[in-house]
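Observations on the model geometry
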Amino acid sequence: MEGLLPDLEVIRKDFPILERTLAGGHPLVYLDSANTSQKPQVVIDAMVDHLERHNANVARAMHQLGAESSAAFEASRDTVARFLNAPSRDEVIYTKNASEALNLVASTLTFAQEISTEAATFGPLGEGDEVLITEMEHHSNIVPWQLLTQRTGATLRWFGLTDDGQLDLSSIDELINERTRVVSLTWVSNMLGTVNPVREIARRAHEVGAIVVLDASQAVPQMPVDVQDSGADILVFTGHKVTGPTGIGVLWGRRALLDQLPPFLGGGEMIATVAMERSTYAGIPHKFEAGTPPIVEAVGLGAAVDYIDSVGMAAIRAHEEAITAYALDGLASLPGITVLGPQTAHERGGAIAFEVDSIHPHDVAQVLDSRGVAVRAGHHCAKPAHARFGVQSSTRMSSYLYTTPAEVDAFVEALAYTQRYFGTTGASA
Amino acid sequence: MSQMPGQDLDSLYQEIILDHYKRPQNAGLRDPFEAEVHHVNPTCGDELTLRVHLEGGGDDAVVADVSYAAEGCSISQAATSVMTELLIGRPVHEAAAVHAEFLALMHGRGTIEPDEDVLGDGIAFAGVAKFPARVKCALLSWMAWKDATTQVLGAEPTPTPSQSPDQEEQA
Ligand SMILES: Cc1ncc(COP(=O)(O)O)c(C=O)c1O
């Protein structure tokens, strides 16, 4: 099969969990990587080694271990900056996850007094200002903007979707206008799989002086991402979907913008000096990193991006496309399956949400699980996108660099079994 | 056999459950009603609108009708259907006792032997208790019924003393 990673069997050996056998003796077929990815041994080892040999708090410990821990933590930031092609390592801020990163942006913008972009100066946000999102966002890129607009009086607007799961850009001239202050959208949809034309949208947004925020939670794991080329002013992703640990997320932002935003959380590490009356703040990145950061998680994240980078992001993208195409063919071979979103692998990322006629996603996932196949069922934190297509929930299979065609076969076979189990096909079990 | 035992799918998807799923009883929203509630399962998005119609007041109140519009999995749909069969026509305090018994069964992690005299078709859900992720599916409608009934009565429906599971266990 063209496009597959040539060393797939070797790569699979890097992920100890893929050896697992589940109840009933079924080998694990993990197709929930868009939810969270599995972790390679190098990530596990890097974290264990840090905890076993170098553990100490960062920045504030004046001893050898403190120096080692700080060096490891900051080295991770260098790695992530290089991985994203960020102009400066200081523009990489560690958060708890992508959700916190998006909340950081929306919340600091709520309180920002004045913001200057290349084409506009505005603030504080209020009536008449507009924030533009899309109907295919993860709840994490909807709710923070609802909070901002409710708190400031600004208006929340969004791009609708076409029937084939693309952004409806027909009204872009009206949606992006001189009142638009923020355009925040997902690069790759976690439900529809759609890859959005973010550069073009960013170009249009910048013409009116709006800030462009990209939710790259599903993009960074599976395609080359260069923040300078992306058009973003701010780009966020989450560690646990790039083979890293949970508990750490990344916010990259242009220094010119980050310097204008007020602090997010207050506390240790984010200050220059503190008196009882008032404080002054550290520069970026520390201004946005109050308190003890996720240290061992940062070490794990650094190892994770090194790992996927060494496999090669272009190669991972090709692999995902090949597996997705194969899975789309497999799904098309069964009766009564409707795939949501774009129908060709080339237009989409490696998550495929679908409906099975007359069987609820919960029941689909339950039967698949009994055969060792792990998928996600529900609204995938994208209720508005589901509502747009008139469905309440869906089943989602999502692959990653370790997914094999044989696993896709097992998935399709388990789906056929599910249909027989519930008697929704003519065939007998 | 060195194999780990498989998940017992058939204990989850009992014939009775699949029957109710395919042919839900008492479905649809009807008048009259005194309370209507809307409950959702935030993790999976299952939704239920449920109406309760009581006749008579105080200790004599009777569950005259429970009607509903629901979207959800086989377990939540079947549980709603079975619940309406069990509760419609019963005095509220008796219905509350059935409610308590079903709740205890669902939270029993598969260790409780269900009482068919109290639960009727509801005993088919015994297997669900072994699938913790599905317990909330089975309970969605029961919680909605209790919520709606509480709204009508202005107080939580209390089980008939002689039928409360606590008492039975002591007996
Ligand atoms: C597109 C998208 N945005 C945001 C998130 C939120 O990530 P996290 O839960 O790690 O904050 C996710 C993952 O669930 C996602 O897929």
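Everything numeric here is computed off the predicted structure, so don't read it as measured data. (Residues numbered from 1 in each chain as written. Chains lettered and ligands numbered in written order. Predicted model: local features only at pLDDT ≥ 70, side-chain atom pairs only at ≥ 80, totals over all residues. Heavy atoms only, no water.)

A separate point is the pattern of salt bridges. A side chain with one charge may pair with a side chain of the opposite charge, provided their charged atoms come close. Residue and element names in this part refer to chain A. Evaluation of the coordinates by the stated rule reveals 31 salt bridges over all chains. In this structure, glutamate 200 engages arginine 203 in a salt bridge whose closest nitrogen and oxygen atoms are separated by 3.0 Å. Of this pair, glutamate 200 and arginine 203 both sit in helix 7 (residues 198-207), three residues apart, which is roughly one turn of that helix. Residue glutamate 200 is classed as partly exposed on the basis of its relative accessible area, which comes to 36%. A relative accessible area of 43% places arginine 203 in the partly exposed class. One connected set of salt bridges, linked through shared partners, spans Glu74, Arg77, Asp78, Arg89, Asp90, Arg255, Asp259 and Glu289. (Salt bridge = Lys/Arg side-chain N within 4 Å of Asp/Glu carboxyl O. Helix = DSSP H or I, 4+ residues; strand = E, 2+ residues; numbered from the N terminus. Buried < 20%, exposed > 50% of the residue type's maximum accessible area, 1.4 Å probe, protein only.)

Here we take up the pairing of strand 11 (residues 234-238) of chain A. Residues and elements named next belong to chain A. Across the five residues that make up strand 11, a large majority, five, are buried. Of the two faces of strand 11, both are covered, the one formed by Ile234, Val236 and Thr238 as well as the one formed by Leu235 and Phe237. In the sheet, strand 11 pairs with strand 12 (residues 249-253) via five bridges, with the strands oriented antiparallel. Considered in strand 12, the bridge of isoleucine 234 is made with glycine 253. (Pairing = 2+ DSSP bridges.)

Here we come to the site of the ligand. Residues and elements named next belong to chain A. With respect to spatial proximity, 13 residues lie near the ligand, and among them Ser99, Asp215, Gln218, Thr238 and Lys241 are the closest. Side-chain polar atom of aspartate 215 to a nitrogen atom of the ligand: 2.6 Å apart, as the coordinates give it. Starting from 390 Å² of accessible surface for the ligand in isolation, the protein chains cover 89%. (Near = heavy atom within 4 Å. Polar contact = N/O pair within 3.5 Å; in protein donor to acceptor, adjacent residues only side chain to side chain. Areas by Shrake-Rupley, 256 points an atom, 1.4 Å probe, with all protein chains shown as cover.)

Right, let's get into the side chain of arginine 134 of chain B. For arginine 134 of chain B, the location among the structural elements is in helix 6 (residues 132-153). Among the polar contacts listed, one links the side chain of arginine 134 of chain B to the side chain of glutamine 366 of chain A, at a separation of 2.5 Å. Arginine 134 of chain B has contacts with His362, Asp363 and Gln366 of chain A together with Leu12, Tyr13, Cys73, Ser74, Ile75 and Val128 of chain B, leaving out every residue within four places of it along the chain. (Contact = heavy atoms within 4.5 Å.)

Residue and element names in this part refer to chain B. Taken in spatial order, the three strands of this open sheet run 1-2-3, and their pairing is antiparallel. Only two strands of the sheet have a single partner each, and these edge strands are strand 1 (35-40) and strand 3 (62-71). For this sheet, the mean inter-axis angle between neighbouring strands, taken without regard to orientation, is 20 degrees. Direction of pairing for strand 2 (residues 47-55) relative to strand 3: antiparallel, over a ladder of nine bridges. Within strand 3, the position partnered with leucine 50 by the bridge is tyrosine 68. (Axes fitted to C-alpha atoms, helices over the stretch in contact; angles between N-to-C directions.)

A few words now on the domain arrangement of chain A. All names here are of chain A. Here the domain parsing of chain A yields domain 1 (8-30 + 312-422) and domain 2 (44-310). Here the C-alpha centroids of domain 1 and domain 2 sit 29 Å apart. On the side of domain 2, 33 residues touch domain 1, which itself brings 32 residues to the contact. Summed over both sides, the interface of domain 1 with domain 2 buries roughly 2,600 Å², with 59% coming from carbon and sulfur. Of all residues in domain 1, the largest losses of buried area upon contact with domain 2 belong to Met313, Arg388 and Tyr400, amounting jointly to 24% of the total for that side. Seen at the junction of domain 1 and domain 2, the total is one salt bridge. A salt bridge links arginine 388 to aspartate 163, with the nearest nitrogen and oxygen atoms 2.8 Å apart. Joining domain 1 to domain 2, the criterion identifies 17 residue pairs in polar contact (both at pLDDT 80 or more). Among the elements of the structure, helix 11 (313-332), strand 16 (351-356) and helix 13 (383-388) are those that each provide at least two residues to the side of domain 1 that touches domain 2. The residue makeup of the side of domain 1 that touches domain 2, split by class, is 17 nonpolar, seven polar and eight charged. (Domains from an automatic or database assignment. Buried area = accessible area lost by both parts, 1.4 Å probe. Nonpolar A, V, L, I, M, F, W, Y, C, P; charged D, E, K, R; others polar.)

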